[in-house]
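Residue-level structural notes
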Amino acid sequence: MITAKALDLAKRLDQNPLLKPADIRPSNASMKIECLLNPGVFRFDNKIWMLLRVAERPEQKENQVSFPLYNDKGEIEILSFDKTDPDLDFTDPRVIQYKGRDYLTTLSHLRLVCSDDGRKFYEPKGYSPVFGTNKLEAYGIEDCRVVEIDATYYLTYTMVSHLGVGVGLIKTNDWKKFDRAGMIFPPHNKDCAIFGEKINGKYYALHRPSSPQLGGNYIWIAESPDLHHWGNHKCLATTRQDMWDSARVGSGAAPIKTEQGWLEIYHGANDEHRYCLGALLLDLKDPSRVIARSEKPIMEPTAEYERVGFFGNVVFTNGHYVDGDTIHLYYGASDEVICGADFSIGEILNSLLKQKRCL
Ligand code: MAN
């Protein structure tokens with residue numbers, strides 16, 4: 001077996017982790033930030049920006065599990081359960097099951113930070129956090145992808161509530177006024193990345209519906225005339241038995257246009273919930289056609305901060321910016337801290353073209 005290090009193409013930044021929960025202020029005094037995760041990334045106003053997912057809950061008391069959610073009036077409510085309650089399952093640090101109903105252990109919102117050098121990030125004045133606002137976001141909003149098309153930024157993010165997990169769309173030009181377009185992919189769906197330009201006159205998006213019986217957690221592609229109405233769905237990449245992406249796959253940020261095709265960095269997890277990154281190469285003119293797919297991950301959770309944390313053994317990305325041959329990729333490590341790594345597009349393409357039979 002080839003070792004993880006031999007194929008890991010990521011050049012991790014020396015400054016990692018770039019941001020930890022203690023670096024950011026909670027949204028209000030009664031909350032504690034447990035995790036910073038999975039940022040969307042974009043360029044704006046000559047700076048590099050991240051739209052972080054900030055996951056909060058109240059300080060935990062011994063023998064109790066407490067977590068926030070929005071009630072019907074849009075106010076934050078705290079639910080608490082006794083750890084000894086036999087109806088409670090809190091074995092997964094991310095979710096709680098109580099009497100057949102699922103809750104999340106933290107409530108997430110999105111927070112803007114920016115940087116001049118892509119390493120030192122700070123919260124700029126005058127930019128507000130983005131919170132969940134409606135019933136479909138009662139358990140928060142998560143993992144936002146950002147794509148710029150004709151000077152408008154399109155945010156695709158996960159809307160979470162007891163009604164399910166779906167994809168929401170927000171538009172903005174200035175990061176101060178947000179036009180909320182509602183849910184564009186209904187439950188169960190997440191990991192939606194819109195392509196940065198039209199192909200054959202149509203918009204395209206990768207998305208990840210989940211089917212509990214037939215099918216699975218697979219990456220699909222859809223087309224749209226207007227970014228709101230999506231159709232002609234096709235399955236692009238399934239999970240692969242006995243491989244690193246055997247349990248779930250989902251897209252990262254917007255695909256990168258290269259001469260060889262659209263390059264998409266995606267995440268894959270196995271049954272042990274170990275999250276790695278791999279790459280897909282899609283046909284330039286027909287992105288529903290997969291040309292190549294990573295046999296081995298291009299990045300695995302190997303650094304200490306990727307192996308140990310709120311939910312260990314996770315590298316998860318949904319944000320990057322590209323400069324020449326370099327992908328400056330930002331990622332959530334062990335669902336707790338924000339990190340950066342650089343990749344060479346040429347190196348990823350070389351690795352893919354050598355193993356293209358591996359769809
Ligand atoms: C899911 C999402 C991500 C998270 C991973 C790993 O895919 O909730 O936000 O990073 O699980 O826990």
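This text gives an overview of the structure that appears in the document.

Scanning all chains against the criterion turns up 21 salt bridges. Taking the shortest distance from any N to any O, the salt bridge between K177 and D174 comes out at 2.8 Å. Judged by its relative accessible area of 22%, D174 falls in the partly exposed class. The residue D245 makes a salt bridge to R293 at a minimum N-O spacing of 2.7 Å. Here the residue D245 occupies a position in the loop between β17 (231-237) and β18 (248-251), and R293 occupies one in strand β22 (residues 290-293), the gap between them amounting to 48 residues. For R293, a relative accessible area of 1% corresponds to the buried category.

Take the site of the ligand next. Taken together, N38, R53, R94, D143, K190, Y275, F311, F316 and D335 make up the full set of residues adjacent to the ligand. The separation between an oxygen atom of the ligand and a polar side-chain atom of D143 is 2.5 Å. Y275 places a side-chain nitrogen or oxygen 3.2 Å from an oxygen atom of the ligand. Notes on the ligand: free accessible area 300 Å², of which the protein chains cover 91%. Among the residues making up the shell around the ligand, the classes are represented as three nonpolar, one polar and five charged.

What follows covers the pairing of strand β7 (residues 95-98). The side-chain alternation of β7 yields one buried face, formed by I96 and Y98, and one unburied face, formed by V95 and Q97. As defined by bridge partners, strand β6 (residues 88-89) adjoins β7 across two bridges and the pair is classed as antiparallel. From the neighbouring strand, L88 faces β7, where its bridge partner is Y98. Counted between consecutive antiparallel strands, the loop separating β6 from β7 contains five residues. Here β7 runs beside strand β8 (residues 101-104); their pairing, made up of four bridges, is antiparallel.

Basis of the calculations
- Residues numbered from 1 in each chain as written.
- Predicted model: local features only at pLDDT ≥ 70, side-chain atom pairs only at ≥ 80, totals over all residues.
- Heavy atoms only, no water.
- Salt bridge = Lys/Arg side-chain N within 4 Å of Asp/Glu carboxyl O.
- Buried < 20%, exposed > 50% of the residue type's maximum accessible area, 1.4 Å probe, protein only.
- Helix = DSSP H or I, 4+ residues; strand = E, 2+ residues; numbered from the N terminus.
- Near = heavy atom within 4 Å.
- Polar contact = N/O pair within 3.5 Å; in protein donor to acceptor, adjacent residues only side chain to side chain.
- Areas by Shrake-Rupley, 256 points an atom, 1.4 Å probe, with all protein chains shown as cover.
- Nonpolar A, V, L, I, M, F, W, Y, C, P; charged D, E, K, R; others polar.
- Pairing = 2+ DSSP bridges.

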